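Spelled out from the first residue to the last, the chains are:
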Amino acid sequence: IIFLLLLVSHTLSSVEFLSELRGGYFYPNSEKFRKIYNNGGPEVELEFSGTFCESWTVWGNVNYFQRDGDSIGLFDRTNIRMIPLSLGAKYQFEIDYCISPYIGAGVTYTYTQIHNHSDFVKKHVNKNGVGGVVKSGIYIPMTRIFTLDIFLDWYYQQLTFSSHHKANVGGFRAGIGVASPF
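These remarks concern the structure in this document.

**Observations regarding unusual backbone geometry**
A positive phi is found at Asn38, a non-glycine position, where the angle reads about 55 degrees. The topology assignment puts Asn38 in the loop between helix H2 (31-36) and strand S2 (41-52). The exposure class of Asn38 is partly exposed, given its relative accessible area of 43%. Notably, Glu54 is not glycine yet its phi reads approximately 65 degrees, a positive angle. Under the relative-accessibility criterion, Glu54 is labelled exposed at 69%.

**Describing the sheet that holds strand S7 (residues 147-156)**
With antiparallel pairing, the eight strands of this closed barrel are ordered in space as S1-S2-S3-S4-S5-S6-S7-S10. In this sheet, neighbouring strand axes are inclined to one another by 25 degrees on average, regardless of whether the strands run parallel or antiparallel. Bridging between strand S6 (residues 124-141) and S7 involves ten bridges; their strand directions are antiparallel. Residue Pro141 lies in a different strand from S7, and its bridge partner there is Thr147.

**Comments concerning the packing of aromatic side chains**
Considering all chains together, one arrives at ten aromatic pairs under this definition. Connected via pairs of aromatic rings, a cluster forms that spans Phe26, Phe33, Tyr37 and Phe65. One Lys or Arg, Lys90, reaches over the ring of Tyr102 and ends 4.3 Å from the middle of that ring. Over the ring of Tyr155 we find Arg173; its NZ or CZ atom is 4.3 Å from the centre of that ring.

Definitions and cut-offs
Residues numbered from 1 in each chain as written. Predicted model: local features only at pLDDT ≥ 70, side-chain atom pairs only at ≥ 80, totals over all residues. Heavy atoms only, no water. Helix = DSSP H or I, 4+ residues; strand = E, 2+ residues; numbered from the N terminus. Buried < 20%, exposed > 50% of the residue type's maximum accessible area, 1.4 Å probe, protein only. Pairing = 2+ DSSP bridges. Axes fitted to C-alpha atoms, helices over the stretch in contact; angles between N-to-C directions. Phe/Tyr/Trp six-rings, centres within 6.5 Å; stacked < 30°, edge-to-face > 60°. Lys NZ or Arg CZ within 6 Å of the ring centre and 35° of its normal.

Structure below.
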């Protein structure tokens, strides 16, 4: 037991923990989604990570996306709010001290809330589901405390709205983040 405690404490003392605030643009996979919600829009994300063995990082994040749109056909107002929670791992390539590209993957749980302003459809729709994410980007150290992250992530998130209607509410997220140790 003492050996295991020493091993765990040694491993945790060598872990570099980062917190990151990311902002970007969400571009949905679904053509129907893009038509209703004007090709996506801005999103924000908070990510926490721990680097083990120099190149491997375990990360977790939460995103927030909200957009107003118009229904297809009658053009009634509709809003969507999505909150994906993700967990995964990524590998960071050490090219030189100026840039470090990375690639990773993880699982995502997404809570989606839709509010329709029409008398012909259900006003409030809440859905959730499990999907996946592939992450890529480049870390660029700016100072000893701050690192810039230029990223492109792809989310797959299939939601079932009825027995005959499923939709992929995933898509691409691209943007910039600022990471700092904590």
